[in-house]
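# Fold and contact review
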Amino acid sequence: MAFWSHLRDKITSLMTEHKGLPDTFKHTSLSACNWLAVDFEYSSLDVSTAKFMSAGWIEGNHTGIDIQSSYYRLIRAQGDLAQTPIIHGLTPSDIARGVHVRDMYEHICQFATSHIWVLHNAQLDMGMLKELSKRLQQPLPAIVCIDTMQLALYQLYKKVDVIPKGGVILSKCRERYELANAPAHNALSDAMATLELWMAQMHSLDPSGCMTLNELKNTGAIKVFARHNESEHELV
Amino acid sequence: MSEIPHQVTDFISKSAPFDVLDEDTLSSIAGKTKVIYLTPDNQNSLLKEYQTSLFLIQTGQFTITDENGNERFLSEGDYFGFIALMEPGKGQIEVEIDSPGVVYCIPKTMFDVALDNRRVKRFFTAAKDDVLLNQAVEGSNSMWLYKPLHEQLDKAPIQIEQHVSIQEAAQMMSQHGVSSLIVTEDEHLIGIVTDRDLRNRVVAQGMDIQLAVSEIMTQRPAYILHNQNMFAAIALMSEKNIHHLPVLHANDRTPVGMVTSSDVIRKQRSNVLFMIGELSKATNLYELTRTAWQMPQYFAANAKRAGDFDIAGKVLSQATDIMTRQLIAFYIEQHGQPPLGYCWVVYGSQAREDQTMGSDQDNALLLAATPDASQAQYFESMAEYVCKGLGKCGIKLCDGNIMASNPALRLSVDAAVLQAKKWIAQPTPEAILEFNIFLDARAVEGDRALFKNLQQRRKPLFKNDFFLAALARAANSDAVPLSVFNKFVCSKHNGKKDGINLKVNAIALINNLARLYSLSAGITVPNTVERLNILGQIGIISTEDATNLRDIWLFLNRLRWRHQLRNNVTDNIISVSELSSLEQHQLKASFKAIHRAQQAVVMKLSGGIA
């Protein structure tokens, strides 16, 4: 437990979280948003040393998930990857064939203002992305995220006081909506699974599709992440 | 490098009929697919957005109402929207969301690509027409065995009158290129002459070839009637160890053809039938039991293909028939000829010829008259010997004591008719359970005229409206294991949670339907496939329904036999996970068809009161 709290604190300290939504999104209804479900796989969970190993994302909107928009890349890496590639089913040659992490970063940042990003445990992924932006000496534009894990916590705490261990991992959250089993440990598959979960969650929160992003703020699941060059703590 | 989420390709590739498509086609389809979360609030806009798509349900439950007001309840793995794509202007549907869920929308362009595959097209055509896929049974290499002989004889018999010379007979055989001739007197069969007769009885013995052919013919040969099927012909030829079997017309007994071993060999690719020949060769109880005990291994080793599973039940029933006849012959050898006319009758699965490895024996003795004490003793002892002998051969004794060794099942024809009258007078559900098995009956040995007499006398009794209504209600009391939302209703079995009892919840239901309609029409054949064929031909049910039910019956039996032989078990409970995606679809379609047929029989025979 100590490790996890330490990690969480470290991640939190490393990133900037905006206090408010950009004006463009404030009054946008959920049904008008474009979604980008994102997931990354890392060589470890230590933000200071972790390397990106793969990235996957997929787009969706009120008309559904567009499979054609799927993106999946292995990230070219050097150095010790410990045991993690085995978990993700990647071989060293797979990883050597991947794209440079900078290319992936530049690609995904193109979705920063056009899409609301959907992540399961956004703190981790956005913390990692922020760290990457520092390493690449690139700014991280303000990115509005929906954290499906946070939303699951919000919904669960309305029903129970204590959440069992593993109660909000992606597969458990999907089970509660009777969604089909999805393969884990692949960035694109997890991104797709996250987007389906978000669609189910959205239906349970806002069946009529009238709610705005601003109205979701009380769930704690809406977060805005950014890093503008060296000024890490800039807030909106 | 553009990729597709694994779960998307996985789901599409495991959903029949897309499972037959190659990887590239599947990837193109998956790439163009949209995945929606369909809810009551977004359904109007989404169904409009994707009105030219095929919908494949991954999760959720939906009620689809077609333009005729028919409702279908769909859930995971089911499709909707394909009729509108296949027949523009038709297939308008209303969708009601009973439980929201993930639905894959495959655009028409990609659906058309999939339809280029013959099997995909047939799947959706069958689904559109609401019939079981014929491919469920067409893969069978044994369907010819079920067809009546007259449909399979390709040439008229070569026949000669008995006074024709041996030389002329040989010339005629040579001219027509046949290995046997039918010898007639006034157009009726009195013998046959074969190549072997010419070799053994003429050439080898230096016989005068100008003598009449009647001198060398085999007199009073075994024969078969034209309306029986090839399976019966092969079984008879194997049992009697003969290679030529004349076929006579059922009405006037005139020759209509000849079945020869080479005809059979040409068509017959299955080994499972040869068991019959082996059993017939046994000359004592020891040899018979030794051969019979090899049957399970023999079946497991030889029944590999779908067609083998289709005939396995018939082969096993024929084998049991032969064991019975052999045992009776052994008994008569030891105890002398029967003191009274008798007929050995079999019931249930043996009568229907759909025995499985788990079937037990159901039989009775029908007597020409009420026996006196010594006659009764003879038959008691015969029944004991045969039933125990069958038990030794691996055909289980009947737990319900429906065996000739039970004195209550050694009745005279008159007493059996009286018994039938009692059934008809009080067809309570309990009584129906008890006597249902006796309604599928077949004579196996002895004086078949006794059995025929009983059948003729019972036939009008069984047409009684109240009796049929009671049977129809009883037949409807067991339901197919399918929920309203088209999901299998499974039970736990052997540590698995997805068990379905194919016998109780499906095959027996079709047997019940075929029996009921047959009783109402006075059809006495017990075999379900033959009953359905006849019912379709004489219009008691539509030809389409008859064919569909027959195909379903064969399909279910195939699954059951495959389950028993592959897993070396005798139960009828298959695991849904044992089935391919296509088979799961076919099984659901079968259950739905059985359910519809059950409702129809209740409407027809019991005035709609279930």
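Above this note sits the structure.
Below you will find a few notes about this structure. (Residues numbered from 1 in each chain as written. Chains lettered and ligands numbered in written order. Predicted model: local features only at pLDDT ≥ 70, side-chain atom pairs only at ≥ 80, totals over all residues.)

## Observations concerning the overall build of chain A
The condition that has to hold: The numbering of helices and of strands both runs from the N terminus, where a helix is a DSSP run of H or I of at least 4 residues and a strand a run of E of at least 2. Exposed residues have 12 or fewer other C-beta atoms within 10 Å of their own C-beta, buried residues have 20 or more, and residues in between are partly exposed; the C-beta atoms are placed from the backbone.
In terms of helices and strands, chain A carries 9 helices and 7 strands. For chain A, the residues scored as buried account for 42% of the 236 residues in total.

## Examining the overall build of chain B
Basically, it comes down to this: Two residues qualify as a contact pair if the distance between their C-beta atoms, derived from the backbone, is within 7 Å.
Scanning chain B from N- to C-terminus turns up 25 helices and 21 strands. Expressed as a percentage of the 610 residues in chain B, the buried residues total 44%. For chain B, restricting intrachain contacts to residue pairs at least 6 apart in sequence, the fraction spanning at least 24 positions comes to 72%.

## What about the packing of helix H22 (residues 502-521) of chain B against helix H24 (residues 543-567) of chain B?
All names here are of chain B. Rules: In this analysis, axes come from line fits to C-alpha atoms, helices being fitted only over the stretch in contact, and the angle between any two N-to-C directions falls in the range 0 to 180 degrees. Orientation categories follow fixed angle ranges, with anything under 35 degrees roughly parallel, anything over 145 roughly antiparallel, 65 to 115 roughly perpendicular, and all other angles oblique. It is the rotation of the near helix from the far one that decides the hand of a crossing: anticlockwise by less than a right angle makes it left-handed, clockwise makes it right-handed. Any residue outside Ala, Val, Leu, Ile, Met, Phe, Trp, Tyr, Cys, Pro, Asp, Glu, Lys and Arg is labelled polar, Gly included; the first ten of those are nonpolar and the last four are charged.
With their axes 10 Å apart at the nearest point, H22 and H24 run at an angle of 150° to one another. Considering the angle they form, H22 stands roughly antiparallel to H24. Two packed elements cross with a definite hand, and for H22 against H24 that hand is left-handed. The residues of H24 that touch H22, namely those facing Leu 502, Lys 503, Ala 506, Ile 507, Ile 510 and Leu 513, are Leu 549, Ile 552, Trp 553, Leu 556, Asn 557, Leu 559 and Arg 560. Grouping the constituent residues of the contact of H22 with H24 by class yields 10 nonpolar, 1 polar and 2 charged.

## Re the nonpolar core
Rule in force here: To define a nonpolar core, we join buried Ala, Val, Leu, Ile, Met, Phe, Trp, Tyr and Cys residues through C-beta atoms within 7 Å and take the resulting set.
Among the nonpolar cores identified, the biggest contains 123 residues, and B:Val345, B:Leu365, B:Leu366, B:Leu513 and B:Leu516 are the most heavily contacted of them. A per-element tally of this core places helix H15 (residues 306-335) of chain B first, with 11 residues. Here B:Leu365 is in contact with B:Tyr342, B:Trp344, B:Phe379, B:Ala383, B:Ala404, B:Leu409 and B:Arg410, once residues within four sequence places are set aside. By size, the runner-up hydrophobic cluster in this structure holds 99 residues, among which are A:Phe40, A:Ile65, A:Ala122 and A:Ile146.

## Side note on the interface of chain B and chain A
Condition: Should DSSP find at least two bridges between two strands, the strands are regarded as paired.
Taken together, the contacts link 26 residues of chain B with 26 residues of chain A. Elements with a minimum of two residues in the side of chain B that touches chain A: helix H1 (6-14), helix H2 (23-32), strand E1 (34-38), helix H3 (43-49) and strand E7 (101-107) of chain B. A per-element tally of the side of chain B that touches chain A places E1(B) first, with 4 residues. The residue inventory of the side of chain B that touches chain A, partitioned by class, reads 12 nonpolar, 9 polar and 5 charged. Across 2 bridges, the pairing between strand E4 (residues 64-74) of chain A and E1(B) is antiparallel. Bridging from a neighbouring strand, A:Ile65 pairs with B:Val35 of E1(B).

## A word on unusual backbone geometry
With an omega of 5°, the peptide bond between B:Ala16 and B:Pro17 qualifies as cis. Summarising the element assignment, B:Pro17 is placed in the loop between H1 and H2. Phi at A:Asn121 is positive, roughly 75°, even though this residue is not glycine. Tracing the backbone shows A:Asn121 in the loop between strand E5 (116-119) and helix H6 (122-136). Backbone geometry at B:Asn568 places phi at a positive 55°, although glycine is not the residue there.

## Section: helix H21 (residues 465-475) of chain B
Turning to H21(B), its buried residues number three or more, namely B:Phe467, B:Leu468, B:Ala470, B:Leu471, B:Ala472 and B:Ala475. Where H21(B) is buried, its residues contact helix H18 (413-425), helix H19 (429-435), helix H20 (448-462), H22 and helix H25 (581-605) of chain B.

## Observations regarding the sheet that holds strand E20 (residues 496-501) of chain B
Two pairing modes exist for strands in a sheet, parallel and antiparallel, and in both the strands are linked by backbone hydrogen bonds. Residues and elements named next belong to chain B. If you trace the 3 strands from one edge of the open sheet to the other, you get E19-E20-E21, paired in antiparallel fashion. Taken across any chain shown, the strands that pair with only one partner, and hence form the sheet edges, are strand E19 (491-493) and strand E21 (573-575). For this sheet, the mean angle separating the axes of adjacent strands, direction not counted, is 60°. As judged from the 3 bridges shared by E20 and E21, these two strands associate in the antiparallel manner. Among the inter-strand pairings, Gly 499 is bridged to a residue of E21, identified as Ser 575. In the packing of H22 onto the sheet, contacts are made with E20 and E21, and the angle to E20 comes to roughly 25°.

## Points about the sheet that holds strand E13 (residues 244-248) of chain B
An order of E12-E13-E14 (chain B) is seen for the 3 strands of this open sheet, with the pairing classed as mixed. Across the chains shown, the open sheet's two edge strands, defined by having one partner strand only, are strand E12 (224-225) and strand E14 (255-260) of chain B.

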